[in-house]
Amino acid sequence: MAIENVLPEELMNSVLGKLYDLLTNGDDTVPKSDDNYLAWLSIGTPYAQEDLDFLINGFTGVVKKQEGDSQELTQERMNQLMASDAGRKYMQAEQLARLCDMVPDTSGIKGTVAMNVWNVENSLSQAYYHTLKFSQVANFEPDADTKSKIERLRGLLQQTVTKKDLITEEETEVTEESELVKKYNEKLENYINVALEYNTHKVNALAGNNPAAVQYWAINASLLRNKVKAALNDWVTNGYKDEYEQIAAYISQVEGRSMLMLKQEYLDDMEKAKITGLSSGSDFYYTSLIPGSFARNDEGWTEFSFSNNTEDNSYSFKSRKTEGSVGLKIGRFTLGADGKRAYESTKETIDKSEFSLTFKVAQVPISRPWFNVNFLISNYWRFDQNNPEFKERMISDGLTPSNGNGMIPAYTTTAIFVKDLHLKFGESNKEIFNELKEWSAGGKVSFGPFSLGGSHESKDETNNLELDESGQGIVVKGMQLVGFKCHILPLSPNPRPDIEEWV
């Protein structure tokens, strides 16, 4: 086969062109992705399966006695291990949240260009919080019939009574709960107490460390269960349970149409998702990947391969690059050490006739329960016109291609992971293979967005570079995050001109 020498960046551009089509293009069976472009990390971030434990197990600490740990497993030691494991999971969550909290760079993204490199200059959570905090929303009033119905229903929940001051004997009107609500709360409290009693005896029996508790549950469980059922029936019959909840649901539904209340709910969602980092001491917002188990099995992973065949040769990613963007730079072999040598790029070319690259790739949706895109693209909000700092701000210029203007011109929707990466160079690429081998001794080595091992470490695992010298190949075992799918927001804010009142 004829030698075809190309620069590493040219070869990687072809690889990314094929990968772009795999991740974003579609057909009649699989619709084209709604996401606009891909943003790559400058170097892949290694992840061990254990680094994503919190996605499956939450933040509850689990006792995992380490191999070689000779300490007696006392209750105190178990508590220490559980606390350590819970702390590890919080740190995992913070690392993922901060990666997914970055606002991707959109500068230079034009037309169908598919790529850009990560730009760490802004955070999604901060921009979104400022949007909610310093925005005005349209003030909607319900119609007369709805107002009348709400007033009548509120009258069933509240009553106005006249009370006399014991000292001055002055009479004042006070609004308080109606008899319906008082009965509801009285029967609710009784039900909660009875249910709590039932659960307490059940938990004590299941713990199995108190014979009396086990015996009590075995003998009286049916009586406790009947007691709970009776309390529930009393709540329904005499506590107006169904009536109260129907009234409350209707009022909530109508008032939920209020943009002001909706915005407050979004602020509350952010507050509920806030977690303080154990090491950093700063706040982050809980973010997860769906499904959380993707790292532990091969479901959802797609085999990707690139070699010197006719189909793959048709990919020329550099034809999609734009003037002024990072373009070919992402395709370099980047070589780095432990600080004693500067980072540089190899000057060797690659004979692509003997080159091949294979790995498994997974697209994992990012879940942010605190982030609501519908608010950002709604026509019923604007920035507070009385706030000089924010009144001229933009979320996104809405342009395609984007000029990158705005607080959130784009956001990440999907994380792109790869694993079991295998680079094969062949005999004709021996020089570049030996160069990579030399640099891998203690430094960082990457090919485009893919980490090839070296000294990249996570908390639980080092992603080692394994060299197959006989086959002139590099095998990177393990999983790494290499980039994200990104979605460009339309023009925002884009308020309706016919709204008369803003609050």
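In this report, the structure presented in the accompanying data block is examined.

Cut-offs applied
- Residues numbered from 1 in each chain as written.
- Predicted model: local features only at pLDDT ≥ 70, side-chain atom pairs only at ≥ 80, totals over all residues.
- Heavy atoms only, no water.
- Helix = DSSP H or I, 4+ residues; strand = E, 2+ residues; numbered from the N terminus.
- Buried < 20%, exposed > 50% of the residue type's maximum accessible area, 1.4 Å probe, protein only.
- Contact = heavy atoms within 4.5 Å.
- Salt bridge = Lys/Arg side-chain N within 4 Å of Asp/Glu carboxyl O.
- Pairing = 2+ DSSP bridges.

**Here we look at the environment of Phe134**
- Along the polypeptide, Phe134 turns up in the loop between α4 (124-133) and β4 (135-137).
- Taking the relative accessible area as the measure of exposure, Phe134 reaches 27% and is therefore partly exposed.
- For the pair Phe134 and Phe390, spaced 256 residues apart in the sequence, the C-alpha separation amounts to 7.0 Å.
- Discounting residues that sit within four places of it in the chain, Phe134 has contacts with Phe383, Asp384, Asn387 and Phe390.

**With respect to the pattern of salt bridges**
- Under the counting rule described, the total for this entry stands at 15 salt bridges.
- Between Lys241 and Glu245 there is a salt bridge; the shortest N-O distance is 3.3 Å. Of this pair, Lys241 and Glu245 are both found in helix α8 (residues 241-255), four residues apart, which corresponds to roughly one turn of the helix.
- Put simply, Glu271 and Lys274 hold a salt bridge, and the shortest N to O gap is 3.5 Å.
- Among the residues examined, Lys274 registers a relative accessible area of 30% and is labelled partly exposed.
- Each of Lys183, Glu186, Lys187 and Asp234 takes part in a single network of salt bridges with overlapping partners.

**A look at the pairing of strand β20 (residues 473-488)**
- Counting buried residues in β20 gives 12 out of 16 residues, a clear majority hidden from the surface.
- Two strands pair when backbone bridges link them, and strand β2 (residues 37-47) and β20 are joined in this way by seven bridges, in the antiparallel orientation. The residue of β20 that forms the bridge with Leu38 is Lys485.
- Two strands pair when backbone bridges link them, and strand β16 (residues 410-424) and β20 are joined in this way by 13 bridges, in the antiparallel orientation. Bridge pairing links Val418 to Gln480 in β20.

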